[in-house]
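What the coordinates show
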Amino acid sequence: MGPSNQSKTTPLSPLLAGVGLTKSFGRFVANRDIDFTIYPGELHALLGENGAGKSTFVKMIYGLLQPDSGHFEWRGQPVQFNNPQEARAAGIGMVFQHFSLFEALSVVENIALALPADFPKEGLAELIAEKSTEYGIPLRPDSLVADLSVGEQQRVEILRCLLQDPALLIMDEPTSVLTPQETRQLFDVLAKLAGQGCAVLFISHKLDEIKQLTSRATILRGGEKIAEVKTKDKSAKQLAELMVGSKISAITPPEARNNAPAILHIKGLNRPAAGPFDTALKDINLTAHASEVLGIAGIAGNGQSELMNALTGEYCSSQPDIIFMGDRDISQMGPMARRVAGLSFVPEERNGHAAVPGMRLSENALLTSYEREGAVQMGVVSQAYATQSADRISEMFDVRRPEADPLASALSGGNLQKFVVGREIAKKPDVLIVSQPTWGVDVGAAQFIRKAMMDLAANGAAVIVISQDLEEIFAVSHKIAVLHEGLLSPAYAAREMTAEAIGLLMGGSHPEKAVKKPAGKSAKKSLRKSVKGARA
Amino acid sequence: MFVLEPRASVPLSLTLLVPVIAIVLTLIIGGLIFGFLGYNPIEALYEFFVAPLSRPDQIGNLLVKACPLIIIGTGLVFCYRANVWNIGAEGQLILGAMGAGWLALSFPEVQSPFFLAVMAGAAMLAGGLWGAIPALLKVRFRTNEILVSLMLTYVAALFLDWIVRGPWRDPMSFGFPLTKTYPDAGLIPALILPGIGRLGQLHWGVIFAFLIAIGGWFYLSRMLAGFQIKLMGDAPRAGRFAGFSQAKTTFAVLMISGALAGLAGMIEVSANIGQLQPHISFGYGFTAIIVAFLARLNPLAVIVAGLVIALAELGGDTAQISMGIPKVVTGIFKGILLFMLLAGETLTRYRLVRVSGIAGQGAAKTSKGGKANV
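Residues numbered from 1 in each chain as written. Chains lettered and ligands numbered in written order. Predicted model: local features only at pLDDT ≥ 70, side-chain atom pairs only at ≥ 80, totals over all residues.

**Observations regarding the overall build of chain B**
Along chain B, the regular secondary structure elements total 13 helices and two strands. The C-alpha radius of gyration computed for chain B amounts to 23 Å, which stays within 12% of the reference 21 Å derived for 374 residues, consistent with globular compactness. Considered along the principal axes of its C-alpha atoms, chain B spans approximately 80 × 60 × 40 Å. Of all intrachain contacts in chain B linking residues separated by at least 6 positions in sequence, the fraction that spans at least 24 positions is 75%. (Helix = DSSP H or I, 4+ residues; strand = E, 2+ residues; numbered from the N terminus. Rg over C-alpha atoms; globule rule 2.2 N^0.38 Å. Contact = placed C-beta atoms within 7 Å.)

Laid out in structure tokens, this is it:
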């Protein structure tokens, strides 16, 4: 299924070359003396941990940043892109990790907004339709972006680039939001593009995908180029070790457990959609057992944030008898009362939800622990308590800080995520509920976070992980349920599930239907088993 | 094209030097304007900045002028930190004065030394409740608190106007719109400084203004409730996640700032006027908005900012009286002073960097670090 790309003949002259590129921010050197080449039609991976300098590097290519020293050569000519417009004019397109689309506008309106002023707007819809057939990107120009899945939204971004006939397309972590099926479609598109001579720079931390899609990889670590390798010559493990700089021990998928007591019960949780862009939750039933990780898979926008808000208590049901902690009805409690009852939460969005970027780490530590003993006395915050707990969390969870008590915004994404997850785990909760625990986090930090969650479960807590990342779901979960359009499937034992089966559930197929589709043989078997198991 | 870049670190010398530069530039530009208009620039600047401080009693008057600005400014800091935009402190001031006035006029015989405290309580209650109206409408119907609080100011002013001409008018006032004068127990005594004696109009309210600003600073920077306010202003989602209520915070800050504005109104009347009349405030409720921002929403800095603005106000009055400089010109001068102070403050934290436009080449090399287009 994977596109074959190894056989491309590599022309002698590179499309884009970077020579001795260095970029520093104050004293911090984000990129040091990096050499880089990409050839026309090449599928090239840029690999590195968070904070390795990948973003800085692609921002320099795309004209968002200018190198302090070193220069680029475009088709053999020295060149400097002072801004993205110049980069686009030269033929560079970029699809960002976070899309910049207006939900209330249609596909064609969104694309029209992003095109340069002199681009002919007449017949744009036809042009989009034409391009989408040409590259096998199914998309209706007049559909509203709000109605599109994340994968489809990404296609809008890709089409937007393709309309300007790029010679180089930069994709920043494109598969982190896709189902396995969508990922395969994306790879087909990228392979087709490469076949027509467009170079693709593919940024990812998913090593299997990099091996599957790309032919060469440039590996960054700590702002320096560590290696440039042919991806087929290296195993995923070797690539990971190059990237992290040390040996990696794989997490073993957890053993299923029997007879663990149930801690958290949800019985028939309904929640109407608050607005046109929200998802209604329909009759959610869920049980979290002690010493068990329950993975909730699903594509973003299928009710994850609504479910999370209902669990944290930010959305509070007006009715009792829905959410139980043991025998205790916590349906109508606010977030802090639920924390006191033994729950802990890590919402998906770090900035402005799980943490406040403009506040210090000590204040962020206080955010979810001000009810704890010693934190606040007579209404006065104990600075010592806040600072100590921030220090303790940072030490336990290896949070690298530029100074003793920095602003949260001064931490890299991975480090801040370790902090917010660590903050909750350090409280030793009975139930930990985490949404997208490793979103946008480097491999090392992701391993660390997953291990910490599993350790917590091993010590008797119930852990619920809501994630779009199937690899992650499989790595940590004992049981797996799938959220689709506000409906939660029953939880199946993880060992009996396959990526294929979950993918079908994520796409809205029911397990019964899923078996009829030509999935892999083993998937069929295991699904039948699991369906039976769930009915029993 | 120019962009403002945050400075990585701000040297102390710059922090100290910038206000000086700002004031020197104000003096130069202000002097030029006065000169062009035919006034002696040196004399005008003297009247503005030196005359109000030239005599001890003038210093007392400066403090008296700053008193309501500091009290109201502190309250507004609470609101603005919580991202709640109370523009109606003037109306809350008026309601506070009326609340206290109602007590003073209802109990003319009272002699207790605690009467002032009761009046202060009534003023804070009245101002706080007036502030609760925009809070209620915002929480319940999502109205814009800027509009509601501002419009309520006019309601309050007209309410006061009607009440001093109608129900509360002193029958012996010969038709003037005045109430009876307050009993002595309802008047704030002058502050007699040991060894100095009276200092102009200086009264005890000024001491409370300082205490309130310091207390406000402690509340916002050290207490959980203050943390909650800042959190709701900075990141409301994180605030809700922490378990705080947006609605309660909105009520709290509007009522706190309303109560403080009301207290300022009570102090203003009880210390300086002694009775209610149609106009009891020189727009303190509005000027305090500038004070709060000039202080960068820090209650301790509100003291300094309140004094600076009070100096500009007093200087403007002095220049009008002694040199006949029109009010609009003194207004322009105050504007220049504010502009310079704020520009200086901004340039302390950011630096101006020239970057190339779309056509430019190479100039962008000078820019390092994250850019903030301002």
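What follows picks up the thread again.
**Some remarks on the packing of helix α2 (residues 41-50) of chain B against helix α12 (residues 299-323) of chain B**
Residue and element names in this part refer to chain B. The geometry of α2 relative to α12 is characterised by a closest axis approach of 7 Å and an angle of 135° between their N-to-C directions. Between α2 and α12, the crossing angle belongs to the class labelled oblique. α12 is crossed by α2, and the crossing has right-handed handedness. For the pair α2 and α12, contact is made by Glu43, Ala44, Glu47, Phe48 and Phe49 and by Gly315, Thr318, Ala319, Ser322 and Met323, respectively. Grouping the constituent residues of the contact of α2 with α12 by class yields five nonpolar, three polar and two charged. (Axes fitted to C-alpha atoms, helices over the stretch in contact; angles between N-to-C directions. Parallel < 35°, antiparallel > 145°, perpendicular 65-115°, else oblique. Left-handed = near helix turned anticlockwise from the far one by under 90°. Nonpolar A, V, L, I, M, F, W, Y, C, P; charged D, E, K, R; others polar.)

**Digging into the domain arrangement of chain A**
All names here are of chain A. Entries for chain A in the domain assignment read domain 1 (16-91 + 166-244) and domain 2 (262-348 + 426-496). Each of domain 1 and domain 2 has a C-alpha centre, and the two are 35 Å apart. The partner domain 2 presents twelve residues to the twelve residues of domain 1 that form the contact. With three residues, helix α8 (residues 236-244) is the largest single contributor of residues to the side of domain 1 that touches domain 2. (Domains from an automatic or database assignment.)

**Considerations on helix α14 (residues 443-458) of chain A**
All names here are of chain A. Taking 1.5 Å per residue, 16 residues should reach 22 Å; α14 reaches 22 Å between its end C-alpha atoms and fits that length. Those residues of α14 that fall on the buried side of the exposure criterion are Val443, Gly444, Ala445, Ala446, Phe448, Ile449, Met453, Met454, Leu456 and Ala457. Buried-residue contacts for α14 involve α8, β13 (292-297), α13 (413-425), β19 (431-435), β20 (462-466) and α15 (470-476). Two residues or fewer past α14, Gly460 is found with a positive phi of approximately 110°. (Expected span 1.5 Å × (residues − 1). Buried ≥ 20, exposed ≤ 12 C-beta atoms within 10 Å, placed from the backbone.)

**Details of unusual backbone geometry**
The phi dihedral of Asn83 of chain B falls on the positive side, at around 65°, and the residue is not glycine. Take Asn83 of chain B: it is sitting in the loop between α3 (56-81) and α4 (89-106).

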